[in-house]
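# Remarks on the overall topology
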Amino acid sequence: MDILVSVFLMGLLGGVHCLGMCGGVVAMLTVGLDPETRSNPKKVALFHLNYNIGRILSYILMGLVFGMLGAILSQTLQMNLFDKALRIFSGALMIMVGLYIANWSSGIQILEKIGAKFWAILQPLSKRFLPIKDLKGAFFTGLLWGGIPCGLVYSALSFAIVSGSAAQGGLIMLAFGLGTLPSLLIMASLSTQLTHWIKKPWVRKTSGLFIIGLGIAALWMPINSMINANLHGHNNSSQYIIKSKDRMDAPMPNIHKPKSINTFEKPTDLDYLT
């Protein structure tokens, strides 16, 4: 449950990052609509809802795949060590996302450049639905747009693979997608005002610090577990040495010596007569 809360908050606080990555798509959704539809807020909202349903569904599908991959790896690798290494990677990735949102580091863009190769495959498919003119086009655009290179998504997927379960991986990505939903829905109706507000340095730094805090908490859990395991192993070794020393220093048990075979009973008078 802690992981679900963490990825939800990461998605929620990462709204400033979503604006830069998905803001263009949000604005593009209404460009191809006819004037009558654009003038109806309810119909426009329905288009944005369909887009986000497709986007979150793509996250869930990726979570299922990565969770299943984690389950396969858990059967072939030493899962205890693999799990801790992946959790450390997830925490470090979350910290990198926080640093990027706060404008303190752009290291996460290295992963996004790698993901851009995958997006190059999907991007031509998305053009088939542009400009968006119906709800079906909005849904499939969102479904494909879930593959856009994004450090936030990659960080959430690292938690999905750690779960070691397809169902749990899908649930983790659902929590992440729901966390990103408020920012994108607000962005649809207040794009200009929201853009101006989110660009304020204190907003980005505050959001970044919260995500860094979540990353440190995620990072500390496996490290603390390894420290405790080493201490526990050291204590067990010390106890074994002490017990072995006690056994060596213990007095030998009192063992009764058997009678010597050369010892005879004193002869009687009858023996002499015989």
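Sequence order as written defines the numbering, with residues in each chain counted from 1. Where local features are concerned, this predicted model is filtered to residues with pLDDT of at least 70; where side-chain atom pairs are given and counted, the filter is 80 or more; whole-chain, interface and lining totals use all residues. Where side-chain values are given, they derive from all heavy atoms of the structure, hydrogens and water being excluded.

## What to know about helix 8 (residues 151-163)
In plain terms, the rule: Secondary structure follows DSSP: runs of H or I at least 4 residues long count as helices, runs of E at least 2 residues long count as strands, and numbering of each begins at the N terminus. For a helix, the expected span equals 1.5 Å multiplied by the number of residues minus one. Burial status follows relative accessibility: with a 1.4 Å probe on protein chains alone, a residue under 20% of its type maximum counts as buried, one over 50% as exposed, and anything between as partly exposed.
In a regular helix each residue adds 1.5 Å, so 13 residues correspond to 18 Å; helix 8 covers 19 Å between its end C-alpha atoms and thus fits that length. The element helix 8 is extensively covered by neighbouring structure, given that 12 of its 13 residues are classed as buried. What helix 8 keeps buried is the set G151, L152, V153, Y154, S155, A156, L157, S158, F159, A160, I161 and V162. Just past helix 8, the residue G164 takes up positive phi, approximately 70°.

## Examining the nonpolar core
Inclusion rule: Throughout, nonpolar core names a set of buried Ala, Val, Leu, Ile, Met, Phe, Trp, Tyr and Cys residues whose side chains join them through atoms within 4.5 Å. The contact criterion used is simple: two residues touch if any of their non-hydrogen atoms lie within 4.5 Å.
Ranked by internal contacts, the top residues of the largest apolar core, which has 26 residues, are M10, V153, M173 and F176. Listing elements by their share of this core, those giving two or more residues are helix 1 (2-13), helix 4 (41-76), helix 5 (79-101), helix 8, helix 9 (166-189) and helix 11 (201-249). Among the elements that make up this core, the one with the highest residue count is helix 8 (7 residues). Excluding residues that lie within four positions of it along the chain, M173 makes contacts with Y59, I60, G63, V153, A156, L157 and A160. By size, the runner-up hydrophobic cluster in this structure holds 11 residues, among which are L33, F47, W119 and A138.

## A short note on the side chain of T180
Here is the rule: A 3.5 Å cut-off defines polar contacts: any pair of N or O atoms within that distance qualifies, except that in protein one atom must be a possible hydrogen donor and the other a possible acceptor, and neighbouring residues in sequence count only when both atoms are side-chain atoms.
Inspection of the secondary structure puts T180 in helix 9. The exposure class assigned to T180 is buried, which follows from its relative accessible area of 1%. Here R55 takes part through its side chain, which lies 2.8 Å from a polar atom of the side chain of T180. In this structure the side chain of T180 is engaged in a polar contact, spanning 2.7 Å, whose partner is the backbone oxygen of G177.

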